Amino acid sequence: MPGVNDRVIVVTGAGGGLGREYALLLAREGARVVVNDLGGARDGSGSGSTMADDVVAEIRKAGGLAVANYDSVATEEGAQSLIQTALDEFGAVHGVVNNAGILRDGAFHKMTSDNWDAVMKVHLYGGYNVSRAAWPHFREQKFGRIVVATSTSGLFGNFGQSNYGAAKLGLVGLINTLAIEGAKYGVNANAVAPLAATRMTEDIAPPEFLEKLPPAHVAPVVGYLLTEESTDTGSVFVVGGGQVQRVAQFQNKGVTFAEPPTVDQLAERWAEISDMAGAVRGVNPLG
Ligand code: NAI
């Protein structure tokens, strides 16, 4: 049986929604969990509610081990202090789930730098800050597991979510490189794009669609990716409503030109250049 028993795992944004579900599952499976949550509103405003304490109380009541942390993942200091909580309380850190998130939706013509930056800070910088703070410990112990929360809004786009989509796909860029750099240290990094009914999606999708998406369907996949036995790295999974799917970038054969083509020559071959039939998994030719 794949396991997380005794592992120390930090789950960011675990005071509610999906993060809470991840923390509960991990604790049930025997992990020691750091339940991080700033405790703010959906748009990132405010802080200080007792969300993380409530989840910790729930875990302890069921006989599990957990500690609360209220740092913001949006700053380097917050992330350092969060990882320090794991070390102080449990003596190690074996896995991080970069799950904390906020929304500042708006059509692109109304996008403001404030809303762009706020979303980048929590999602993309948050993923960087927390993974970076845990990284030296992972390398030293030659073991680590990173899961980031990406989104179908980043993978495929969604009206009104240019800031959010850019940040979420940025996290896929992050895990692609962490998978390469972590390989010889036993560090795996993967992404999960959840589909779940939470406060984040309550007014985004219709209720009849959301009722088929309990967060409990997503948690086992995150739990599995944190186990020692899981060998996936650099992979992206879309998970929700009972479906677990893998998503990847594919590249076609394309067209090779011996000389720089004219625009007309290019236009003549454009249908072939665009045709994805027979495409295979893309690799970095510079890597
Ligand atoms: P949620 O709003 O219930 O959970 C996000 C949590 O992050 C909140 O409890 C919030 O207080 C916390 N948080 C916000 N800023 C923080 C900060 N600076 N530091 C620490 N904690 C902070 O929403 P949900 O749906 O559970 O989202 C979890 C993750 O999954 C997010 O990253 C979200 O973008 C992602 N996601 C969710 C989808 C869904 O269908 N629910 C779809 C795609 C992605």
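Along each chain, numbering runs from 1 in the same order as the chain's sequence is written. The model is predicted, so local features are restricted to residues of pLDDT at least 70 and side-chain atom pairs to those at 80 or more, both for listing and for counting; the totals for chains, interfaces and linings are taken over all residues. The side-chain values count all of the structure's non-hydrogen atoms but skip hydrogen atoms and water molecules.

Q: Would you take a moment to explain the layout of surface pockets for this structure?
A: To find leftover empty space, one rolls a probe the size of a water molecule over the atoms. Definitions used for this entry: grid spacing 1 Å over protein atoms alone; cavity, a set of points where a 1.4 Å probe fits but cannot get out; pocket, an open set with protein on both sides within 12 Å along at least 5 of 7 lines; lining residue, one with an atom within 4 Å of a point. Grid points are joined across faces, edges and corners, and a volume is the space filled by probe spheres set on the points. Roughly 900 Å³ of volume is contained in the largest pocket. Taken together, 49 residues make up the lining of the largest pocket; nearest its centre are Gly101, His123, Tyr164, Thr198 and Met200. Those elements that place two or more of their residues in the lining of the largest pocket are α1 (17-28), α4 (113-141), α5 (152-155), α6 (162-182) and α7 (207-210). One number sums up the size of the second largest pocket: a volume of about 480 Å³. Forming the walls of the second largest pocket are 17 residues, and the residues nearest its centre are Asn176, Gly234, Gln249, Arg281 and Gly282. The way it works is that DSSP assigns letters per residue, a run of H or I at least four long becomes a helix, a run of E at least two long becomes a strand, and they are numbered from the N terminus. Sort the elements by how many residues they give to the lining of the second largest pocket and α6 lands first, with 5 residues. Charged means Asp, Glu, Lys or Arg here, nonpolar means Ala, Val, Leu, Ile, Met, Phe, Trp, Tyr, Cys or Pro, and polar covers whatever is left, Gly included. The residue makeup of the lining of the second largest pocket, split by class, is 10 nonpolar, 6 polar and 1 charged.

Q: Help me understand empty space enclosed by the protein, please; the structure alone is not making it clear to me.
A: Within this structure, the stated rule accounts for 2 cavities of 30 Å³ or more. Taken as a whole, the largest cavity encloses approximately 50 Å³ of empty space. Lining the largest cavity, in full, are Thr12, Val73, Asn98, Asn99, Ala100, Val122, His123, Gly126, Gly127, Val130, Lys168 and Leu171. Elements supplying a minimum of two residues to the lining of the largest cavity: α4 and α6. Broken down by element, the lining of the largest cavity gets its largest block of residues, 5 residues, from α4. Broken down by class, the residue content of the lining of the largest cavity amounts to 5 nonpolar, 6 polar and 1 charged. Of the pockets and cavities examined, the second largest cavity occupies roughly 30 Å³. What lines the second largest cavity is Tyr22, Val97, Asn98, Asn99, Val147, Val148, Ala149, Val192 and Val222.

Q: Explain the site of the ligand to me, please; I cannot follow it from the model alone.
A: Taken together, 30 residues are adjacent to the ligand, and Leu18, Asp37, Asn99, Tyr164 and Thr198 come closest. In the analysis that follows, any N or O atom pair within 3.5 Å is treated as a polar contact, provided that within protein one partner can donate a hydrogen and the other can accept it, and provided that, for residues neighboring in sequence, both atoms belong to side chains. At 3.3 Å from a nitrogen atom of the ligand is found a main-chain nitrogen or oxygen belonging to leucine 38. Between an oxygen atom of the ligand and a main-chain N or O atom of asparagine 99, the distance comes to 2.7 Å. With respect to the detected pockets, the ligand is housed in the largest pocket. A per-class count over the shell around the ligand returns 13 nonpolar, 13 polar and 4 charged. Put simply, a residue is near a molecule or strand once any heavy atom of it comes within 4 Å of that molecule or strand. In this description, a molecule resides in a pocket or cavity if more than half of its atoms sit within 2 Å of the grid points defining it.

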